Amino acid sequence: MKKMDDIDAPVQDNSLVWSDARLLGFAPMDDVHKEFYEVALRLVTCTDTNALAAIEEFERHAVSHFEQEDEWMRTTDFPPRDCHIEEHEGVLKSVREVKVAIEEGRAGCRLAQDIGVHLFQWFPGHADYLDSALAAWMTKQTMGGKPVVFRRKI
Ligand SMILES: [Fe+2]
Ligand SMILES: [Fe+2]
(Lines give C-alpha, C1' and ligand atoms only; values in the text may rest on other atoms or scores of the structure.)
(Ligands and ions follow the chains in the order given, each with its own letter.)
Protein backbone atom coordinates (compact mmCIF):
# COMPACT_ATOMS: atom_id res chain seq x y z
CA MET A 1 0.00 0.00 0.00
CA LYS A 2 1.19 3.51 -0.79
CA LYS A 3 2.23 5.68 2.12
CA MET A 4 0.95 9.25 2.23
CA ASP A 5 4.53 10.51 1.84
CA ASP A 6 4.82 8.80 -1.54
CA ILE A 7 1.92 10.72 -2.97
CA ASP A 8 2.75 13.94 -4.79
CA ALA A 9 6.38 13.86 -3.60
CA PRO A 10 8.36 16.47 -5.55
CA VAL A 11 10.07 15.02 -8.58
CA GLN A 12 13.77 15.77 -8.40
CA ASP A 13 15.11 14.81 -11.76
CA ASN A 14 16.82 16.92 -14.35
CA SER A 15 15.41 15.09 -17.34
CA LEU A 16 15.49 16.97 -20.64
CA VAL A 17 12.11 15.57 -21.63
CA TRP A 18 8.75 16.78 -20.37
CA SER A 19 6.95 14.37 -18.10
CA ASP A 20 3.41 14.59 -16.74
CA ALA A 21 5.03 14.17 -13.33
CA ARG A 22 5.77 17.88 -13.75
CA LEU A 23 2.11 18.90 -13.98
CA LEU A 24 1.16 21.38 -11.27
CA GLY A 25 -2.60 21.36 -11.86
CA PHE A 26 -3.07 24.90 -13.20
CA ALA A 27 -3.44 24.34 -16.94
CA PRO A 28 -2.27 27.73 -18.27
CA MET A 29 0.98 27.32 -16.31
CA ASP A 30 1.43 23.66 -17.24
CA ASP A 31 1.13 24.53 -20.94
CA VAL A 32 3.88 27.15 -20.64
CA HIS A 33 6.08 24.69 -18.72
CA LYS A 34 5.75 22.13 -21.51
CA GLU A 35 6.89 24.82 -23.94
CA PHE A 36 9.87 25.56 -21.63
CA TYR A 37 11.08 21.98 -22.16
CA GLU A 38 10.82 22.33 -25.94
CA VAL A 39 12.71 25.61 -26.26
CA ALA A 40 15.34 24.71 -23.63
CA LEU A 41 16.00 21.44 -25.48
CA ARG A 42 16.67 23.42 -28.66
CA LEU A 43 19.34 25.32 -26.71
CA VAL A 44 21.01 22.14 -25.47
CA THR A 45 21.09 20.66 -28.98
CA CYS A 46 21.96 23.82 -30.92
CA THR A 47 24.87 24.23 -33.33
CA ASP A 48 26.91 27.35 -34.19
CA THR A 49 24.54 27.90 -37.12
CA ASN A 50 21.38 28.16 -35.01
CA ALA A 51 22.72 29.13 -31.56
CA LEU A 52 21.59 32.76 -31.91
CA ALA A 53 18.12 31.72 -33.09
CA ALA A 54 17.86 29.24 -30.19
CA ILE A 55 18.79 31.78 -27.50
CA GLU A 56 16.50 34.41 -29.07
CA GLU A 57 13.65 31.91 -29.06
CA PHE A 58 14.35 31.02 -25.43
CA GLU A 59 14.44 34.70 -24.49
CA ARG A 60 11.01 35.26 -26.09
CA HIS A 61 9.67 32.24 -24.23
CA ALA A 62 11.18 33.39 -20.91
CA VAL A 63 9.78 36.91 -21.24
CA SER A 64 6.22 35.71 -21.79
CA HIS A 65 6.53 32.81 -19.29
CA PHE A 66 7.82 35.04 -16.51
CA GLU A 67 5.63 38.07 -17.32
CA GLN A 68 2.54 35.87 -17.17
CA GLU A 69 3.45 34.41 -13.77
CA ASP A 70 4.50 37.83 -12.43
CA GLU A 71 1.17 39.26 -13.56
CA TRP A 72 -0.77 36.45 -11.84
CA MET A 73 1.16 37.15 -8.62
CA ARG A 74 0.68 40.92 -8.77
CA THR A 75 -2.97 40.98 -9.76
CA THR A 76 -3.97 38.48 -7.05
CA ASP A 77 -1.66 39.89 -4.34
CA PHE A 78 0.10 36.54 -3.97
CA PRO A 79 1.91 37.01 -0.65
CA PRO A 80 5.38 35.43 -1.25
CA ARG A 81 5.80 36.95 -4.71
CA ASP A 82 9.01 38.97 -4.33
CA CYS A 83 11.56 36.14 -4.31
CA HIS A 84 9.72 34.41 -7.16
CA ILE A 85 9.77 37.56 -9.31
CA GLU A 86 13.47 38.10 -8.47
CA GLU A 87 14.33 34.57 -9.54
CA HIS A 88 12.66 35.18 -12.89
CA GLU A 89 14.65 38.42 -13.30
CA GLY A 90 17.92 36.65 -12.52
CA VAL A 91 17.30 33.93 -15.11
CA LEU A 92 16.27 36.43 -17.78
CA LYS A 93 19.40 38.50 -17.09
CA SER A 94 21.65 35.46 -17.62
CA VAL A 95 19.78 34.54 -20.83
CA ARG A 96 20.25 38.07 -22.16
CA GLU A 97 23.97 38.04 -21.33
CA VAL A 98 24.38 34.84 -23.33
CA LYS A 99 22.37 36.29 -26.21
CA VAL A 100 24.54 39.42 -26.37
CA ALA A 101 27.76 37.35 -26.21
CA ILE A 102 26.58 35.25 -29.16
CA GLU A 103 25.34 38.30 -31.09
CA GLU A 104 28.72 39.98 -30.69
CA GLY A 105 30.57 36.84 -31.76
CA ARG A 106 32.23 36.40 -28.35
CA ALA A 107 30.61 32.99 -27.89
CA GLY A 108 29.01 30.24 -29.92
CA CYS A 109 26.88 27.18 -29.42
CA ARG A 110 28.91 25.90 -26.45
CA LEU A 111 27.70 28.79 -24.29
CA ALA A 112 24.11 28.37 -25.51
CA GLN A 113 24.24 24.63 -24.76
CA ASP A 114 25.73 25.36 -21.37
CA ILE A 115 22.94 27.73 -20.32
CA GLY A 116 20.43 25.20 -21.66
CA VAL A 117 21.85 22.55 -19.31
CA HIS A 118 21.76 25.01 -16.42
CA LEU A 119 18.14 25.88 -17.21
CA PHE A 120 17.18 22.21 -17.01
CA GLN A 121 18.97 21.98 -13.66
CA TRP A 122 17.28 25.13 -12.41
CA PHE A 123 13.72 24.37 -13.49
CA PRO A 124 12.74 21.45 -11.19
CA GLY A 125 13.58 23.32 -7.98
CA HIS A 126 11.86 26.48 -9.19
CA ALA A 127 8.76 24.56 -10.26
CA ASP A 128 8.58 22.43 -7.10
CA TYR A 129 9.02 25.25 -4.61
CA LEU A 130 7.80 28.46 -6.26
CA ASP A 131 5.60 27.67 -9.27
CA SER A 132 3.72 24.91 -7.44
CA ALA A 133 2.69 27.32 -4.66
CA LEU A 134 1.50 29.80 -7.28
CA ALA A 135 -0.39 27.07 -9.17
CA ALA A 136 -2.20 26.07 -5.97
CA TRP A 137 -2.97 29.72 -5.22
CA MET A 138 -4.28 30.43 -8.73
CA THR A 139 -6.48 27.34 -8.69
CA LYS A 140 -7.90 28.48 -5.38
CA GLN A 141 -8.54 31.95 -6.83
CA THR A 142 -10.24 30.66 -9.95
CA MET A 143 -12.05 27.57 -8.66
CA GLY A 144 -12.12 27.92 -4.89
CA GLY A 145 -10.25 24.65 -4.34
CA LYS A 146 -6.86 22.95 -4.38
CA PRO A 147 -5.53 21.74 -7.72
CA VAL A 148 -6.34 18.22 -8.74
CA VAL A 149 -3.61 16.68 -10.87
CA PHE A 150 -4.33 13.71 -13.08
CA ARG A 151 -1.09 12.10 -14.20
CA ARG A 152 -0.59 9.32 -16.67
CA LYS A 153 1.16 6.34 -15.14
CA ILE A 154 4.92 6.98 -15.10
FE1 LIG B 1 7.02 28.76 -14.44
FE1 LIG C 1 8.10 30.88 -11.91
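Only a predicted model underlies this, so the values are computations on that prediction, with no experimental measurement involved.

Quick notes on the overall build of the protein chain
Within the protein chain one finds four helices and zero strands. When the elements of the protein chain are put in sequence order from the N terminus, they spell out α-α-α-α. For the protein chain, buried positions account for 22% of its 154 residues. Pairs at least 24 apart in sequence give 69% of the contacts found in the protein chain among residues at least 6 apart.

Details of the environment of Val44
Positionally, Val44 belongs in helix H1 (residues 27-44). Not counting the four nearest positions on each side in its chain, Val44 is found in contact with Leu16, Gln113, Gly116 and Val117.

Section: unusual backbone geometry
Phi is positive for Asp77, close to 55°, though the residue is something other than glycine. Within the fold, Asp77 resides in the loop between helix H2 (51-75) and helix H3 (81-103).

What about H2?
The end-to-end C-alpha separation of H2 is 36 Å, in line with the 36 Å expected for 25 residues at 1.5 Å each. Contact partners of the buried residues in H2: H1, H3 and helix H4 (109-143). Directly beyond the C-terminal end of H2, a positive phi value near 55° is found at Asp77.

So, the packing of H1 against H4
Orientation of H1 relative to H4, taken along the N-to-C sense of each, is 165°, at an axis distance of 8 Å. The orientation of H1 relative to H4 falls into the category roughly antiparallel. When the axes of H1 and H4 are compared, the crossing they make is left-handed. Residues Met29, His33, Phe36, Ala40, Leu43 and Val44 of H1 pack against Ala112, Gln113, Ile115, Gly116, Val117, Leu119, Phe120, Phe123, Ala127, Asp131 and Ala135 of H4. Of the residues assigned to the contact of H1 with H4, the class counts are 13 nonpolar, three polar and one charged.

Here's the deal with the nonpolar core
In terms of nonpolar packing, the biggest core is built from 17 residues, with Leu43, Ala51, Ala54, Ile55, Phe58 and Ala112 touching the most fellow members. Taken together, the elements giving at least two residues each to this core come down to H1, H2, H3 and H4. Once residues lying within four places of it in the same chain are set aside, the contact partners of Ile55 are Leu43, Val95, Val98, Lys99, Ile102 and Ala112. In this structure, Leu23, Phe26, Met73 and Leu134 belong to the second largest nonpolar core, which totals 10 residues.

Topic: the packing of H3 against H4
Viewed as axis vectors pointing N to C, H3 and H4 meet at an angle of 170°, and their least axial separation amounts to 11 Å. With respect to their mutual orientation, H3 and H4 come out roughly antiparallel. As for how H3 packs across H4, the hand of that crossing is left-handed. In contact with His84, Glu87, Val91, Ser94, Val95, Val98, Ala101 and Ile102 of H3, H4 contributes Leu111, Ala112, Ile115, Trp122, His126, Leu130 and Leu134. In terms of residue class, the contact of H3 with H4 is made up of 11 nonpolar, three polar and one charged.

Definitions and limits used
Residues numbered from 1 in each chain as written. Chains lettered and ligands numbered in written order. Predicted model: local features only at pLDDT ≥ 70, side-chain atom pairs only at ≥ 80, totals over all residues. Helix = DSSP H or I, 4+ residues; strand = E, 2+ residues; numbered from the N terminus. Buried ≥ 20, exposed ≤ 12 C-beta atoms within 10 Å, placed from the backbone. Contact = placed C-beta atoms within 7 Å. Expected span 1.5 Å × (residues − 1). Axes fitted to C-alpha atoms, helices over the stretch in contact; angles between N-to-C directions. Parallel < 35°, antiparallel > 145°, perpendicular 65-115°, else oblique. Left-handed = near helix turned anticlockwise from the far one by under 90°. Nonpolar A, V, L, I, M, F, W, Y, C, P; charged D, E, K, R; others polar. Core = buried A, V, L, I, M, F, W, Y, C linked by C-beta atoms within 7 Å.

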